[in-house]
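What the coordinates show
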Amino acid sequence: MNVLVINAGSSSLKYQLMNPETGDVAAKGLCERIGIDGRLTHKTSDKKVEMEIAMPTHGEAIQAVMDALLSEEHGVIKSVSEIDAVGHRVLHGGMKFSESCLINDEVLATIEECTPLGPLHIPANLLGIRACQDKMPGTPNVAVFDTAFHMTMPPKAYRYAIPTKYFEEDDVRRYGFHGTSHKYVALRTAELVGKKEFKMVNCHLGNGSSMAAILNGKCQDTTMGLTPLAGVPMGTRCGDIDGGVIQFLCNKYGYSVDECLNILNKKSGVLGISGVSSDFRDLEDGAKKGDEACQLALDKFAYEVAKYVGAYAAALNGIDVLTFTAGVGENGISNRAAICEYLGYLGIKIDPERNNVRGKEALISTDDSKVQVWVVPTNEELMIARDTAELVK
């Protein structure tokens with residue numbers, strides 16, 4: 001079975017054509033500068049091609065993807081009919097969607113109703129879906145929601161302590177994101193530890209970071225909230241912050257709320273503290289050279305992640321497995337070590353030699369650690385493809 005996985009942004013579109021059973025990727029690529037001039041980067045197992053292609057809309061972008069996949073020179077299929085289904089990453093499912101679903105007119109309309117919850121992403125997601133429907137009529141499309149995995153949270157975790165009317169009338173609550181990644185890691189970890197019932201905390205750490213408390217494969221709590229701004233500090237996002245800071249900055253500097261949120265989303269996090277970069281590799285280089293601001297940014301990040309591990313161990317009444325995934329989680333050897341230094345009270349011990357690993361599945365805890373600590377590379381595209389295949393079948 002071939003599933004085309006689509007992740008559509010406002011001016012870009014990522015894609016992978018893959019087998020959901022084996023995980024084999026026949027081709028993948030990126031359409032950039034949609035609506036400006038258009039550029040396609042297309043990769044297969046042995047070739048990479050870059051092309052300037054006019055893409056005034058997502059429709060032309062999808063057509064460019066189809067042409068690349070069908071090309072005699074660098075294609076991997078001979079007919080569009082070889083694409084059995086299309087799986088779309090959709091940022092926000094609101095309270096309407098607790099799992100992936102086949103897309104029809106009713107589903108499209110309901111996704112559109114969620115636009116106020118994801119005003120930047122959902123319109124782009126819809127453009128990608130409609131472009132695929134137009135260019136591949138008759139091919140089933142599936143929506144895989146970034147929020148769906150977290151919909152098993154109990155009310156005590158997802159409700160905010162604000163007047164109930166904002167929850168009942170406006171759906172203001174904790175939703176959480178990176179759900180497809182958390183779901184993949186939870187399922188893969190169950191295979192690695194050889195059981196389905198256990199307590200785990202998953203740390204999806206990267207330029208965007210979120211953590212999840214997971215009980216027997218079901219999410220109980222997560223760090224991101226109504227938006228991806230909440231939780232631990234990230235590359236450019238501030239993470240948890242006193243709401244009064246927004247009022248203070250707006251009053252003092254005359255910012256609008258939107259201007260202030262732009263600062264908190266795009267100019268804060270480890271970039272804001274370090275003043276150097278949002279890339280953790282740059283921060284490590286700076287810290288090695290004695291840059292105190294870079295070191296503080298790294299220390300703050302490790303401290304906040306460790307605090308949430310402790311909080312989620314309390315929420316779960318214990319912890320059996322701690323997992324690290326995503327760019328920093330999979331590759332940040334020193335970051336993992338710094339986080340785990342705080343967690344000795346939980347019986348967590350990591351082995352420096354085992355921890356010396358990047359981008360590979362590995363058990364990095366010692367044999368006598370009371371909690372297993374794993375590095376589990378995420379694969380959101382494979383999770384989307386599997387959900388899509390299951391629904392289509």
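This text follows the structure it describes.
Residues numbered from 1 in each chain as written. Predicted model: local features only at pLDDT ≥ 70, side-chain atom pairs only at ≥ 80, totals over all residues. Heavy atoms only, no water.

1. A few points about the sheet that holds strand 13 (residues 362-363)
- An order of 11-10-9-12-14-13 is seen for the six strands of this open sheet, with the pairing classed as mixed. The open sheet is flanked by strand 11 (218-222) and strand 13, the only strands paired with a single partner.
- One ladder, built from five bridges, connects strand 9 (residues 199-204) with strand 12 (residues 321-325); its direction is parallel. Its bridge partner being in strand 12, Met200 is matched across the sheet by Val321. (Pairing = 2+ DSSP bridges. Helix = DSSP H or I, 4+ residues; strand = E, 2+ residues; numbered from the N terminus.)

2. Let's talk about the environment of Leu91
- Following the sequence through the fold, Leu91 ends up in the loop between strand 6 (85-90) and strand 7 (101-102).
- On the accessibility criterion, Leu91 (13% relative accessible area) is buried.
- Once the C-alpha coordinates of Leu91 and Asn262 are considered, the two residues, 171 residues apart in sequence, prove to be 19 Å apart. (Buried < 20%, exposed > 50% of the residue type's maximum accessible area, 1.4 Å probe, protein only.)

3. Observations concerning the packing of aromatic side chains
- What the rule picks out here adds up to six aromatic pairs.
- Residues Tyr253 and Tyr255 carry aromatic rings whose centres are separated by 5.5 Å and whose planes lie at 20 degrees to one another, so their mutual orientation is stacked.
- A cation over an aromatic ring shows up here: Arg173 above the ring of Tyr158, its NZ or CZ 3.8 Å from the ring centre.
- For Arg173, the ring lying beneath its charged end belongs to Tyr175, and the centroid distance is 4.9 Å. (Phe/Tyr/Trp six-rings, centres within 6.5 Å; stacked < 30°, edge-to-face > 60°. Lys NZ or Arg CZ within 6 Å of the ring centre and 35° of its normal.)

4. Re the side chain of His204
- Note on placement: His204 falls in strand 9.
- Of the residues examined, His204 reaches a relative accessible area of 5% and is grouped as buried.
- A polar contact is formed between the side chain of His204 and the side chain of Ser181, at a distance of 2.8 Å.
- The contact partners of His204, leaving out residues within four places of it in the chain, are His178, Ser181, His182, Ser209, Ser210, Thr325, Ala326 and Glu380. (Polar contact = N/O pair within 3.5 Å; in protein donor to acceptor, adjacent residues only side chain to side chain. Contact = heavy atoms within 4.5 Å.)

5. Looking at the sheet that holds strand 2 (residues 13-18)
- The eight strands lie next to each other as 5-4-3-2-1-6-8-7, forming an open sheet whose pairing is mixed. Of all the strands in the sheet, just strand 5 (48-52) and strand 7 have a single pairing partner and so form its edges.
- Here six bridges tie strand 3 (residues 25-32) to strand 4 (residues 39-44), and the two strands are oriented antiparallel to one another. Paired with Leu30 across the two strands is Thr41, which belongs to strand 4.

6. Some words on the pattern of salt bridges
- Taken as a whole, this structure holds 16 salt bridges when the rule is applied.
- Close ionic contact of Asp146 with Arg89 constitutes a salt bridge, the shortest N to O distance being 3.0 Å. Of the two residues, Asp146 is situated in the loop between strand 8 (141-145) and helix 4 (155-158) and Arg89 in strand 6; the sequence distance between them amounts to 57 residues.
- Residue Arg281 pairs with Asp279 through a salt bridge whose shortest N-O separation is 2.8 Å.
- Taking relative accessible area as the criterion, Asp279 reaches 24% and is therefore assigned partly exposed.
- Overlapping salt bridges, with partners in common, bring together Glu32, Arg39 and Glu52 in one network. (Salt bridge = Lys/Arg side-chain N within 4 Å of Asp/Glu carboxyl O.)

7. What to know about helix 2 (residues 105-113)
- Val107, Leu108, Thr110 and Ile111 are the residues of helix 2 that are buried. Here the buried residues of helix 2 occupy an arc of 165 degrees about the axis, which is enough to place them on one side. Every exposed residue of helix 2 that faces more than 90 degrees away from the buried side is listed here: Asp105, Glu106 and Glu113.
- Structurally, the start of helix 2 carries an N-cap: the backbone nitrogen of Glu106 is 3.1 Å from a side-chain oxygen of Asn104. (Arc of directions from axis to C-beta.)

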